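Results of the structural survey
Chain residues, written in single-letter form:
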Amino acid sequence: MTWYGPSRAAWLDGCMTDWSILTDACGSAEHVPGLLDRFEADPSGVWSELMDHLCPQLDTAFSASFAAFPRLAEIATVGSPETLDWVLLAAGAIASCSPALSDSNSPLTVFSAPIAALHELTDRRLSRTAAAEDYVNLLQALLSFEGVEIWDRSLDGLQSGEYEVGCPCCGVNVFVVIGQDDSFCCTDDYALSEVQKSPLQPARVHELAELPRRLFTRATADGQGNVAHGVRYLFGQAACPDCGTDFSVAERVVAGWIL
Ligand SMILES: [Zn+2]
């Protein structure tokens, strides 16, 4: 995650944003207001172009990216449910690139009002979203707006059913497979052949605390049983198929980001 930002003053210089002193992935951000207008008119059609400028690869943001939060919040507030999904995806990706809340110049603090509006819209939209992929994307956006790090980008495996982590002892690459019928880990490509599987131990519900507990409770309340099921495995224990070492799946997911 990278961001390129100016001082806080450049964002808050008077009441109007001076886009000419901000930058996006291509240089001067003067064109960004026009790009946001076009995005509002055709969210699905312009989304890729918007991300190319404001959040390329969904992992890099610029001073203009954060300055777009107020406008994105406006578009989200007045848009149709479909528009809302595109806006929340864009704003969530940008927010996930923000410096941590512990940084006094964090854009999440500087733009706290639009971020709060985007968070509330995401919160409401989650309860009305059925498809697991959309649900997980929104859940990550919700965490991005709260400044939760790592997990705002690491929940995809709850819908794809797979995480890839390194064994903390022997370093081998381990596939953690979370299925509805069968959950296990292995070191070979399980899609192509019979593989040696080692067991996964899901966390017991009463053992889940803080963020995992919240994710489990939320997904259950929203009727996302498969996601809730996955949370127990993600925050459960695995055993390395090669060396037999027990490890926490979640700790290894986090380690993958820190290395
Ligand atoms: Zn191992």
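Presented here is an overview of the structure given in this document.

Definitions and cut-offs
Residues numbered from 1 in each chain as written. Predicted model: local features only at pLDDT ≥ 70, side-chain atom pairs only at ≥ 80, totals over all residues. Heavy atoms only, no water. Helix = DSSP H or I, 4+ residues; strand = E, 2+ residues; numbered from the N terminus. Rg over C-alpha atoms; globule rule 2.2 N^0.38 Å. Buried < 20%, exposed > 50% of the residue type's maximum accessible area, 1.4 Å probe, protein only. Contact = heavy atoms within 4.5 Å. Areas by Shrake-Rupley, 256 points an atom, 1.4 Å probe, with all protein chains shown as cover. Lys, Arg positive; Asp, Glu negative; His and termini not counted. Charge placed at Lys NZ, Arg CZ, Asp CG, Glu CD. Donors = N, O, S within 2.8 Å, 3.2 Å for Na, K, Ca; no water. Tetrahedral: all angles 85-135°; square planar, octahedral: opposite > 155°, others 65-115°. Axes fitted to C-alpha atoms, helices over the stretch in contact; angles between N-to-C directions. Parallel < 35°, antiparallel > 145°, perpendicular 65-115°, else oblique. Left-handed = near helix turned anticlockwise from the far one by under 90°. Nonpolar A, V, L, I, M, F, W, Y, C, P; charged D, E, K, R; others polar. Expected span 1.5 Å × (residues − 1). Salt bridge = Lys/Arg side-chain N within 4 Å of Asp/Glu carboxyl O. Phe/Tyr/Trp six-rings, centres within 6.5 Å; stacked < 30°, edge-to-face > 60°. Lys NZ or Arg CZ within 6 Å of the ring centre and 35° of its normal.

What the protein contains, in helices and strands, is 13 helices and 10 strands. The C-alpha atoms of the protein give 20 Å as radius of gyration, which agrees with the globular expectation for 259 residues (18 Å, within 12%). The C-alpha extent of the protein, read off along each of the three principal axes, is 60 × 35 × 35 Å. Taking all 259 residues of the protein together, 48% fall into the buried category. Of the contacts formed within the protein by residues at least 6 apart in sequence, a portion of 58% connects residues at least 24 apart. On the protein, roughly 12200 Å² of surface is accessible, and the fraction owed to carbon and sulfur atoms is 50%. Separation between the mean location of the 14 positive side-chain charges and that of the 35 negative ones in the protein comes to 8 Å.

Before going further, it helps to examine the coordination of the zinc ion. Ligation of the zinc ion by protein atoms is provided by Cys167 (SG), Cys170 (SG), Cys240 (SG) and Cys243 (SG), these donors lying 2.3 Å from the ion. Taken together, the 4 donor atoms coordinating the zinc ion and their angles of 104 to 116° define a geometry best described as tetrahedral. Look at where the donors of the zinc ion fall in the sequence and you get C-x2-C-x69-C-x2-C. With cysteine 170 in the loop between β5 (162-166) and β6 (173-178) and cysteine 240 in the loop between β9 (237-239) and β10 (246-248), this residue pair connects regions lying 70 residues apart in the sequence.

Further remarks concern the packing of helix α6 (residues 81-96) against helix α9 (residues 132-146). Contact pair α6 / α9: the axes reach a minimum separation of 8 Å and the direction vectors enclose 45°. As summarised for this structure, α6 and α9 are arranged oblique, according to the angle between their axes. The handedness of the crossing between α6 and α9 comes out as left-handed. Contact residues: α6 offers Asp85, Leu88, Leu89, Ala91, Gly92, Ala95 and Ser96, while α9 offers Asn137, Leu138, Ala141, Ser144 and Phe145. Tallied by class, residues from the contact of α6 with α9 come to 7 nonpolar, 4 polar and 1 charged.

The next point concerns α9. Here α9 is 15 residues long and its end C-alpha atoms lie 21 Å apart, about the 21 Å a rise of 1.5 Å per residue gives. Its buried side turned inward, α9 meets α6, α7 (107-110), α8 (112-126), α10 (157-160), α11 (210-221) and α12 (225-234). Taken from the residues just after α9, glycine 147 is the one with a positive phi, measuring 80°.

Another aspect to go through is the pattern of salt bridges. Here the structure, examined in full by the defined rule, presents 11 salt bridges. The residue arginine 214 makes a salt bridge to glutamate 146 at a minimum N-O spacing of 2.7 Å. With arginine 214 in helix α11 and glutamate 146 in helix α9, this pair connects stretches of sequence that are 68 residues apart. Salt-bridge contacts for glutamate 207 lead to arginine 204; the nearest nitrogen and oxygen are separated by 3.3 Å. When its relative accessible area of 52% is taken as the criterion, arginine 204 is described as exposed. Within the structure, one salt-bridge network assembled from shared partners comprises Asp37, Glu40, Arg71 and Glu74.

For the structure on display, the rule yields 4 aromatic pairs. Grouped by ring-pair contacts, the aromatic residues Phe66, Phe69 and Phe111 constitute a single cluster. The cationic tip of lysine 197 hangs over the ring face of phenylalanine 184; the distance from NZ or CZ to the ring centre is 4.3 Å.

A few words now on the side chain of arginine 125. Take arginine 125: it is sitting in helix α8. Classification of arginine 125 by relative accessible area gives buried; the value is 17%. The residues contacting arginine 125, other than those within four sequence positions of it, are Pro81, Leu84, Asp85, Leu88 and Leu138.

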